[in-house]
Amino acid sequence: MKIDHNLHQEQEEKEQTVVIPSEENMCRTIEVAIIEPPSQPQVLPAVKLTPPPTTVNDDEEMFIPPLNFAMVDNGIFRSGFPNSTNFSFLQSLSLRSIIYLCPEPYPEANTDFLMANGIQLYQFGIDGAKEPFVNIPEDTIREALKVVIDARNHPLLIHCKRGKHRTGCLVGCLRKLQRWCLTSVFDEYQRFAAAKARISDQRFMELFDTSSFKHLPMPFSCSKSI
């Protein structure tokens, strides 16, 4: 039998072949860093923080305006009934006069404040009745207006109980003297009276006759017509 020596030689070469691994197939050493977990943080007890107490120096005064306070014109102001907490604020206005539109006697504390500061009180008592029993005496409003437009009484504060209706009517009549249109007069009245605006008050201001004041001087910044 004839043996194929070439085939036998190829088989021996295959058996003797050694596979040399490439650098890509070689095993790589990987360094692994073992990190220990951090220790549990120490829990501190809760501490309640309280703000430092607010202190007011004796030299510092609190200036609190009365209810519904506003400036009407140069030297003329309006508000609700002032109390003792408003006295420091009123002192800053250097008032000469106060027009009080309620019939009740002026409180003793307020009277003492006026005397201590040389402030003249003009009281024009108008009942604070509600609709439909509102009765605004026109003569009383006219007398009060004479005090308002007299610059010798300025600075002056007009007030009633809430600074809405009686004060609003007097200021509204003053606006007519200053030739304000009715729309602007009513807008100002309603801004202070808000939901309690009275039709009777607005009707009174609309019908109020200013002809008797034409001969009187009007020392106001907005008295001239535009």
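What you see is a predicted model, and the numbers here were worked out from it, not measured in a lab.

(A) Examining helix α6 (residues 182–193) more closely. Over its twelve residues, α6 runs 16 Å from end to end, which matches the ideal 16 Å to within 8%, given 1.5 Å per residue. Val 185, Phe 186, Glu 188, Tyr 189, Phe 192 and Ala 193 are the residues of α6 that are buried. Angularly, the buried residues of α6 cover 160° about the axis, an arc narrow enough to put them on a single face. Exposed and oriented more than 90 degrees from the buried face of α6 are Thr 183 and Arg 191.

(B) Molecular detail of the packing of aromatic side chains. What the rule picks out here adds up to eight aromatic pairs. A ring pair is formed by Phe 69 and Phe 89, whose centres lie 4.9 Å apart and whose planes are at 85°; its orientation type is edge-to-face. One end of the pair, Phe 69, is in the loop between α1 (5–16) and β1 (70–73); the other, Phe 89, is in helix α2 (residues 87–92), with 20 residues separating them in the sequence. For Phe 69, a relative accessible area of 24% translates into the label partly exposed. Taking 4.3 Å as the distance between ring centres and 10° as the angle between the ring planes, the aromatic pair formed by Phe 87 and Phe 113 counts as stacked. Of this pair, Phe 87 sits in helix α2 while Phe 113 sits in helix α3 (residues 108–117), placing them 26 residues apart in sequence. Following the ring pairs from residue to residue traces out a cluster consisting of Phe 69, Phe 77 and Phe 89.

(C) Looking closely at the packing of helix α4 (residues 138–148) against helix α5 (residues 165–177). As a packed pair, α4 and α5 sit with axes 10 Å apart at the nearest point and diverge in direction by 65°. Here α4 lies roughly perpendicular to α5, going by the angle between them. With respect to the hand of their crossing, α4 and α5 are arranged in right-handed fashion. Along its contact with α4, which presents Ile 141, Ala 144, Leu 145 and Val 148, the element α5 presents Leu 170, Cys 173, Leu 174 and Leu 177. Taken together, the residues of the contact of α4 with α5 sort by class into eight nonpolar, no polar and no charged.

(D) View of the sheet that holds strand β2 (residues 76–79). As summarised here, the arrangement of the five strands in space is β1-β2-β5-β3-β4, forming an open sheet in which the pairing is mixed. The strands lining the two open edges of the sheet, one partner per strand, are β1 and β4 (120–123). Within this sheet the neighbouring strands show an average axis-to-axis angle of 25°, counted without direction. Both strand β3 (residues 97–100) and strand β5 (residues 156–159) contribute to a ladder of four bridges, which runs parallel.

(E) Focus on the confidence of the model for the protein chain. Confidence in the prediction for the protein chain averages 81 pLDDT; 66% of positions are at 70 or higher. Contacts from residues 222–226, a stretch scored under 50 in pLDDT, to residues over four places away or in other chains number nine contacts.

(F) Broad picture of the pattern of salt bridges. Under the criterion given, the structure shown has four salt bridges. In this structure, Lys 146 engages Glu 143 in a salt bridge whose closest nitrogen and oxygen atoms are separated by 3.4 Å. Highlighted residues: Lys 146 and Glu 143, both in helix α4, separated by three residues, approximately one helical turn. For Lys 146, a relative accessible area of 42% gives the class partly exposed. Look at Glu 143 and you get partly exposed, because its relative accessible area is 40%. Asp 150 is the partner of Arg 152 in a salt bridge, and the nearest nitrogen-oxygen pair spans 2.8 Å.

Here is what the cut-offs are and how they apply
- Residues numbered from 1 in each chain as written.
- Predicted model: local features only at pLDDT ≥ 70, side-chain atom pairs only at ≥ 80, totals over all residues.
- Heavy atoms only, no water.
- Helix = DSSP H or I, 4+ residues; strand = E, 2+ residues; numbered from the N terminus.
- Expected span 1.5 Å × (residues − 1).
- Buried < 20%, exposed > 50% of the residue type's maximum accessible area, 1.4 Å probe, protein only.
- Arc of directions from axis to C-beta.
- Phe/Tyr/Trp six-rings, centres within 6.5 Å; stacked < 30°, edge-to-face > 60°.
- Axes fitted to C-alpha atoms, helices over the stretch in contact; angles between N-to-C directions.
- Parallel < 35°, antiparallel > 145°, perpendicular 65-115°, else oblique.
- Left-handed = near helix turned anticlockwise from the far one by under 90°.
- Contact = heavy atoms within 4.5 Å.
- Nonpolar A, V, L, I, M, F, W, Y, C, P; charged D, E, K, R; others polar.
- Pairing = 2+ DSSP bridges.
- pLDDT = per-residue confidence, 0-100.
- Salt bridge = Lys/Arg side-chain N within 4 Å of Asp/Glu carboxyl O.

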